[in-house]
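# Overview (structure and organization)
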Amino acid sequence: MVPLHFTILILFSFIIAISSSSFTPPRHPFDPLTETELKLVRTIINKSYPVGPNHKFTFQYVGLNEPDKSLVLSWYYSSRNHTIKPPPRQAFVIARDNGKTREIVVDFSSRAIVSDKIHIGNGYPMLSNDELVVKFKPFRDSVAKRGLNVSEIVFTTSTIGWYGETKAETERVIRLIPIEGMTIIVNLDEMKVTEFKDRSMVTMPKANGTEYRISKMNPPFGPTLHNAVLLQPDGPGFKIDGHIVSMWANWEFHISFDVRAGIVISLASLFDTDVNKYRQVLYKGHLSEMFIPYMDPSDDWYFITYLDCGDFGCGQCAVSPQPYTDCPAGAVFMDGIFAGQDGTPAKIPKVMCIFEKYAGDIMWRHTEAEIPNLEITEVRPDVSLVARIVTTVGNYDYIVDYEFKPSGSIKMGVGLTGVLEVKPAEYIHTSEIKVGEDIHGTIVADNTVGVNHDRFVTFRLDLDIDGTENSFVRNERVTTRTPKSVNTPRKTYWTTKPKTAKTEAEARVKIGLKAEELVVVNPNRKTKHGNEVGYRLLHGSAAGPLLAPDDYPQIRAAFTNYNVWITPYNRSEVWAGGLYADRSQGDDTLAVWSQRNRKIEKKDIVMWYTVGFHHVPSQEDYPTMPTISGGFELHPTNFFERNPVLKTKPVKVTTARKCTPTND
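Conventions adopted
Residues numbered from 1 in each chain as written. Predicted model: local features only at pLDDT ≥ 70, side-chain atom pairs only at ≥ 80, totals over all residues. Heavy atoms only, no water. UniProt positions renumbered as here; feature names shortened; annotations may be inferred. Helix = DSSP H or I, 4+ residues; strand = E, 2+ residues; numbered from the N terminus. Salt bridge = Lys/Arg side-chain N within 4 Å of Asp/Glu carboxyl O. Core = buried A, V, L, I, M, F, W, Y, C linked by side-chain atoms within 4.5 Å. Buried < 20%, exposed > 50% of the residue type's maximum accessible area, 1.4 Å probe, protein only. Domains from an automatic or database assignment. Contact = heavy atoms within 4.5 Å. Pairing = 2+ DSSP bridges. Patch = residues over 30% accessible without salt bridge, like charges linked within 9 Å, V, L, I, M, F, W, Y side chains within 5 Å. Areas by Shrake-Rupley, 256 points an atom, 1.4 Å probe, with all protein chains shown as cover. Disulfide = S-S within 2.5 Å.

The chain is annotated in an unreviewed UniProt entry as Amine oxidase from Arabidopsis lyrata subsp. lyrata. Quoted straight from UniProt, the Sequence similarities (unreviewed entry) entry for the chain says "Belongs to the copper/topaquinone oxidase family."

Structural data, given as structure tokens:
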């Protein structure tokens, strides 16, 4: 859901002159746009589109225009000796211009607009943080009728989706939901209320037991947790130079912030000591979309089927994590910079954190007890490096982790917590529910129902395993009868039946239907024993959509029809729900692109993976939910010649001296 604090702000436009001598482009082609660059973009565009009483122009998205991949890789391979210049640096801007959507590309070297076109398809751009109406008289009268004060009302701002309307009927509007039974429709381009409904008065839940601020709570408190200290006497084990993270367990990668995706990981590679060079793993990985459909078809709820990243921006909704709680001691923080609705730079301080994770896990171990008169025990504690962002989209908080392990694995984790989305009800006990009635959720408190819903989180992963020419292998495990010629009492065993997907259709996977291993390989690179080098997908628990395929929300979110998709690389195919998600009609999604059934064998390919959750609320989820987590892992498979952490030295554990109080 969208943040509850979205309000209309009157912003004053101004132009900042930037001389050519004051602008120095960042060193890395994937560095996020700087404040200086954002100011320059605003200046250049405002010269062509001056804002005035009769000209409404708003910035809805400003980000790095994806540079040509071949140029990036040429620069990357030569970057250590600086023989090739980085590719041209440009900004991609989506703006609303007097009711139309413009796509503008600004080139920084020429300080000019090099592309400018009107979007003529379906859908609207992401909402900005500056886009409420509390002075509207019918609304104030309805609030007073309920015996409430306007100051007590918190608005839920909702996009309204698409339900078969024509393009002419799909205006750029949002739905404000202050109280159950009351609806306000606001036209964002005209910034005025176009519809107001006050259909009914319902029994409102009481606020008793909903306080979650520790400073406002009274004893008795919950389980007691003892204080702890993590001490790194030698300091952090990683280095950050600009946006490049390096010198940690042979990993090197680039990290940046995007207002729509949040964290973006690029050019992740591993230094292989056996060959004395860095080897590619991940060209670029990030959140692509989140689909959040609620399972109540009533007039107050049917439209709540959000595409969070495309509607509201998973980066724009990110918050500054709290030191020592959101991120542990020793974490390093980085700011997030983006453009506000008038193009001026805005900052989310310390929005990303990077830290080493000591969770008490074991990297590998073995006790050899079968050798007479000799016992051998070798153990290595596991440590990982985590890049984290926390994004609060309305009532839900998402904790998104990119975790790098010394073994070469990359884990993507999603934690769900926050405040449960509830609706008022006349019931306080399940025995009061009428026979055959569906309340679409669970009674979690007096007159309070937590509504059933789904959470689908889709990642885009441009894997380059030891190069760009990769293939996708589905290695099925097949039960086989033991041949009669074999002298054994065993009747069956399982064996592997690998199949390389040649087209996109052959690579669509619903996890759990078959016992199979999913691997991205480089068929041109093999180990000394002849195995193709690769990375396999270790998936978590799988969940797929339960909505009918012809239901309008599912048409828009058809990218969730499969857990795994493989597509050929296309730099315009980034957002699984389409570039314009708000009020989209499902005609520009991952599912539509994949219908072309392009060849993917020995190609530059992209993996799309969806983490899914079906959530039936329980009383323990109210008012705030204990975190539930899901995710997946990309794990090296015949990528190395042997266990890459075999020779890892044990971590030296430093213990603090125990301080015991004395009795005087």
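What follows picks up the thread again.
### Thoughts on unusual backbone geometry
Cis geometry is found at the peptide bond from Pro219 to Pro220, where omega equals 0 degrees. The residue Pro220 is located in the loop between β8 (192-198) and β9 (239-241) in this model. Cis geometry is found at the peptide bond from Tyr622 to Pro623, where omega equals 0 degrees. Backbone geometry places Asn276, a non-glycine residue, at a positive phi of 60 degrees.

### Brief notes about the UniProt feature "domain: Copper amine oxidase catalytic" (unreviewed entry) in the chain
Mapped onto this structure's residue numbering, the UniProt feature "domain: Copper amine oxidase catalytic" (unreviewed entry) falls at residues 230-646. Each end of residues 230-646 is marked by a C-alpha atom, and these two atoms are 26 Å apart; helix forms 3% of the span and strand 49%.

### A short note on the pattern of salt bridges
This model, assessed by the stated rule, comprises 37 salt bridges. One salt bridge in this structure joins Arg477 and Glu517, with 3.7 Å as the shortest N-O distance. Taken as a pair, Arg477 in strand β27 (residues 471-481) and Glu517 in strand β29 (residues 516-526) lie far apart in primary sequence, 40 residues in all. Through salt bridges that share partners, Lys69, Asp462, Asp464 and Asp604 make up one connected network.

### Re the nonpolar core
Formed by 99 residues in total, the largest nonpolar core has its most connected members in Ile255, Ile265, Tyr402, Phe459, Phe472 and Val564. A domain split of this core shows at least three residues from each of domain 1 (35-118) and domain 2 (239-368 + 376-637). Ignoring sequence-local partners within four residues, the contact set of Ile265 consists of Phe253, His254, Ile255, Leu282, Tyr283, Lys284, Gly285, Ala387, Tyr402 and Phe404. Core analysis: the next-biggest nonpolar cluster, separate from the first, contains 17 residues, Val41, Tyr49, Phe59 and Ala91 among them.

### Here we look at the pairing of strand β16 (residues 332-339)
As defined by bridge partners, β16 adjoins strand β17 (residues 345-357) across 7 bridges and the pair is classed as antiparallel. Paired with Gly336 across the two strands is Ile348, which belongs to β17.

### What about the UniProt feature "modified residue: 2',4',5'-topaquinone" (unreviewed entry) in the chain?
Residues annotated in UniProt with the feature "modified residue: 2',4',5'-topaquinone" (unreviewed entry) correspond here to Tyr396. Turning to its location among the elements, Tyr396 is positioned in strand β21 (residues 396-404). Of the residues examined, Tyr396 reaches a relative accessible area of 1% and is grouped as buried. If sequence neighbours within four positions are ignored, Tyr396 has contacts with Tyr294, Thr391, Leu416, Thr417, His453, Arg455, His615 and Met625.

### Considerations on a nonpolar patch on the surface
Side chains of Tyr212, Ile214, Met217, Phe221 and Val419 sit close together on the surface and give an oily, nonpolar patch of about 500 Å² of accessible area. Checked against the element boundaries, Ile214 lands in the loop between β8 and β9. Residue class for Ile214 comes out exposed when judged on its relative accessible area of 61%.

### Here we look at the state of the cysteines
With the rule as written, the count across this model stands at 2 disulfides. The residue that forms a disulfide with Cys309 is Cys314, at a sulfur-sulfur distance of 2.1 Å. What sets the handedness of the Cys309 and Cys314 disulfide is the S-S torsion sign, and at about -95 degrees it is left-handed. There is no split in this pair, since Cys309 and Cys314 are both buried. Here the cysteine-cysteine linkages of the chain are recorded as 1-2, 3-4, numbering only bonded cysteines and doing so in sequence order. Here Cys317 stays free of any disulfide, with the sulfur of Cys314 as its closest cysteine sulfur at 7.0 Å.

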